[in-house]
Amino acid sequence: MQTAEIAFCVKVLQQSGSVSRNDPDLQFSELAWTVITNAGHCKKMKEEGEFVMFKKSDFGIVFNTLFSLAFAAALTLFVKYTGGSLTFESFCMGLVPAFAINFTLGSYIPLLKVGNAFASLFVKDEKHPAFYFLRMLAIVVIMTILMSFLCMFYEMGFNPALPIAFASSLPLTLVYAYVVACIIFPFLLKATQALCAKEG
């Protein structure tokens, strides 16, 4: 057995309770024997993706959930901070509707397709760095405008000052949202790929 396989099996056995994490009486020979005898089972579990939470077919909804949550949290933090009303309570109360709005928008609007279509108008090579930034620009503009307006409407209601407040805060919010989205998108993509590795 290779070292990596042994380490994986030990981790599996510790999580299942077969091997104690801090057992001073456990000799190495006993641990080695336990690992070796369970190696086939550990390998099978690893190959079948038993430790992966979601199927590949769930990729869209998992990524939308992670991105919506991260994006909503970042924008809520920014809006509350710039408005001088940032507290833990105000952040949590603003995060809930922001996430709900983001998740709904991401579920019904094909943002990735729209972003790709927009970027392809200027850059044909999808591997070109400019393609990525243009795609993110289209996604962020759509998400930020709709989310910001709906969240502001949720807080202000039919207030005559709503259009002015929305227009005045939008430019800075767009810049902030674009930078945040460009940074977190690759990490969330990799996290989703790791979570959605099961066949099906």
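Cut-offs applied
- Residues numbered from 1 in each chain as written.
- Predicted model: local features only at pLDDT ≥ 70, side-chain atom pairs only at ≥ 80, totals over all residues.
- Heavy atoms only, no water.
- Helix = DSSP H or I, 4+ residues; strand = E, 2+ residues; numbered from the N terminus.
- Buried < 20%, exposed > 50% of the residue type's maximum accessible area, 1.4 Å probe, protein only.
- Contact = heavy atoms within 4.5 Å.
- Areas by Shrake-Rupley, 256 points an atom, 1.4 Å probe, with all protein chains shown as cover.
- Patch = residues over 30% accessible without salt bridge, like charges linked within 9 Å, V, L, I, M, F, W, Y side chains within 5 Å.
- Salt bridge = Lys/Arg side-chain N within 4 Å of Asp/Glu carboxyl O.
- Phe/Tyr/Trp six-rings, centres within 6.5 Å; stacked < 30°, edge-to-face > 60°.

Considering the overall build of the chain
At step 1: The number of helices and strands found in the chain is eight helices and two strands.
At step 2: Starting at the N terminus, the α and β elements of the chain follow one another as α-α-α-β-α-α-α-α-α-β.
At step 3: Each of the 200 residues in the chain was classed as buried or not, and the buried ones make up 31%.
At step 4: Put simply, 72% of the contacts in the chain that link residues at least 6 apart link residues at least 24 apart.
At step 5: Accessible area for the chain stands at about 12700 Å²; split by element, carbon and sulfur atoms hold 67% of it.

Things to note about a nonpolar patch on the surface
At step 1: On the surface, a nonpolar cluster with roughly 490 Å² of combined accessible area is contributed by Leu 146, Phe 149, Leu 150, Phe 153 and Phe 158.
At step 2: Inspection of the secondary structure assignment puts Phe 153 in helix α7 (residues 129-156).
At step 3: On the accessibility criterion, Phe 153 (30% relative accessible area) is partly exposed.

Section: the packing of aromatic side chains
At step 1: Applying the stated criterion across every chain yields a total of 12 aromatic pairs.
At step 2: Here a set of aromatic residues connected by ring pairs shows up, and it is made of Phe 59, Phe 63, Phe 67, Phe 71, Tyr 132, Phe 133 and Phe 185.

Some remarks on the environment of Leu 134
At step 1: Structurally, Leu 134 can be placed in helix α7.
At step 2: The sequence separation of Leu 134 and Phe 122 amounts to 12 residues, and the corresponding C-alpha distance is 8.4 Å.
At step 3: Discounting residues that sit within four places of it in the chain, Leu 134 has contacts with Phe 118, Ala 119, Phe 122 and Val 123.

Digging into the pattern of salt bridges
At step 1: By the definition in use, this model includes one salt bridge.
At step 2: For the salt bridge of Glu 155 with Lys 80, the shortest nitrogen-to-oxygen distance reads 3.0 Å. Taken together, the residues span a long stretch of sequence, with Glu 155 in helix α7 and Lys 80 in helix α4 (residues 59-82) at a distance of 75 residues.
At step 3: With a relative accessible area of 54%, Glu 155 lands in the exposed category.
At step 4: Taking the relative accessible area as the measure of exposure, Lys 80 reaches 12% and is therefore buried.

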